[in-house]
Amino acid sequence: MKRSITLVLSLIALLPAFAEGISYTREDSLRVVELLEKGARQYKSLPTGEDLGEVALYYARQLMNLPYVAHTLEIKGQSEHLAINLQSLDCTTLVENCCALALTTSHGSKDWRDYLSWLQKLRYDAGKIDGYKSRNHYFSQWIQSGTRLGMVGEVVPPSDISVPMKLNLTYMSEHPDAYPLLKVDMNERKLIREMEKRASGAIIRYIPKERVGDSKKTLSCIKDGDIIAITTNKKGLDVSHIGFAVWGTDGKLHLLNASSIHKKVVLEPMTLYQYMQKHPSQTGIRVIRLKR
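The structure contained in this document is the topic of the report that follows. (Residues numbered from 1 in each chain as written. Predicted model: local features only at pLDDT ≥ 70, side-chain atom pairs only at ≥ 80, totals over all residues. Heavy atoms only, no water.)

Observations concerning helix 10 (residues 186-199)
In an α-helix there are 3.6 residues to a turn, and that puts residues three or four apart on one side. Between its first and last C-alpha atoms helix 10 spans 20 Å; for 14 residues at 1.5 Å apiece the expected length is 20 Å, and the two agree. Along helix 10, the residues that are buried comprise E188, R189, I192, M195, E196 and A199. One side of helix 10 carries all its buried residues, which in axial view fall inside an arc of 120 degrees. Turned more than 90 degrees away from the buried face of helix 10 sit M186, K197 and R198, all of them exposed. Among the structural elements, helix 7 (139-148), helix 8 (171-174) and helix 9 (180-184) are those in contact with the buried residues of helix 10. (Helix = DSSP H or I, 4+ residues; strand = E, 2+ residues; numbered from the N terminus. Expected span 1.5 Å × (residues − 1). Buried < 20%, exposed > 50% of the residue type's maximum accessible area, 1.4 Å probe, protein only. Arc of directions from axis to C-beta. Contact = heavy atoms within 4.5 Å.)

Topic: the packing of helix 4 (residues 52-62) against helix 5 (residues 91-106)
It is the contact of helix 4 with helix 5, at a shortest axis distance of 8 Å, that shows an interaxial angle of 125 degrees. Between helix 4 and helix 5, the angle is such that the two are oblique. Crossing geometry of helix 4 relative to helix 5 is assigned as right-handed. From helix 4, L52, V55, A56, Y59 and A60 reach across to helix 5, where they touch C98, L101, A102, L103, T105 and S106. Here the residues of the contact of helix 4 with helix 5 are counted per class, giving 9 nonpolar, 2 polar and no charged. (Axes fitted to C-alpha atoms, helices over the stretch in contact; angles between N-to-C directions. Parallel < 35°, antiparallel > 145°, perpendicular 65-115°, else oblique. Left-handed = near helix turned anticlockwise from the far one by under 90°. Nonpolar A, V, L, I, M, F, W, Y, C, P; charged D, E, K, R; others polar.)

Considering the packing of aromatic side chains
On inspection of all chains with the given rule, the structure shows 5 aromatic pairs. An angle of 65 degrees between the planes, with centres 5.3 Å apart, marks the rings of Y58 and Y59 as edge-to-face. A relative accessible area of 14% places Y58 in the buried class. Among the residues examined, Y59 registers a relative accessible area of 0% and is labelled buried. Three or more aromatic residues joined by ring pairs form one cluster here, namely Y24, W112 and Y115. Between the NZ or CZ atom of K121 and the centre of the ring of W118, over which it lies, the distance is 4.6 Å. (Phe/Tyr/Trp six-rings, centres within 6.5 Å; stacked < 30°, edge-to-face > 60°. Lys NZ or Arg CZ within 6 Å of the ring centre and 35° of its normal.)

Printed below as a string of structure tokens:
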């Protein structure tokens with residue numbers, strides 16, 4: 001096994017087209033290949049349909065206890081490129097990496113290049129890197145782009161357990177000092193404002209935090225491995241945290257996430273309801289399902 005992985009990595013080094021515009025370490029590429037090999041053994045028949053969330057959750061479990069580090073994609077002094085980092089994760093890169101691994105496995109591949117392709121499609125609007133503005137900075141953008149590309153779909157909860165929300169994305173343009181590039185580049189601020197306008201206006205439905213502790217029967221629209229996007233009342237922001245849904249042995253919903261509280265990737269021991277009660281700005285959850 002080790003010899004075959006070394007051979008794959010040696011071949012990767014001979015592919016300049018894939019090295020250009022990508023940053024990663026040898027440890028990153030080795031880890032991806034190891035994970036895809038394990039996934040191929042775990043899923044001997046190709047997973048389809050709603051099983052795909054289970055595959056993403058499988059990969060998330062493989063990454064448990066990796067350290068949490070915020071803003072892992074903000075690489076100072078470098079132009080926008082596909083950054084690979086499986087040594088430390090934030091909540092978004094955990095979800096993106098697990099989804100990219102699951103999509104690679106679901107298409108019967110163990111190829112590093114296929115993983116890179118899926119990751120780029122998930123992370124960037126229309127799957128294309130075109131500067132800082134092209135990254136799906138808001139999770140609503142991430143959902144919109146992934147839906148157009150057929151990789152994800154938002155699960156619309158029944159009206160009796162959900163409420164509507166109109167997207168109004170302005171946070172980045174109103175807080176440029178929080179983003180190193182926007183702090184110094186007025187043109188980038190303009191491009192971000194234009195992006196925010198395009199992504200705003202849609203009406204979505206979310207499950208309010210008061211209902212997140214309901215039974216599995218009531219919340220039957222949520223399946224293990226679905227992406228949970230926690231909505232917020234912070235002005236101009238849509239989602240403040242994301243992770244994977246896990247129905248616990250207690251019959252309650254839990255969150256597997258890259259946690260700033262625990263400083264690592266963890267299956268939260270508290271129920272999601274209990275977790276959200278400790279965060280006053282969190283208002284509810286959106287549910288997104290990975291698709292093949």
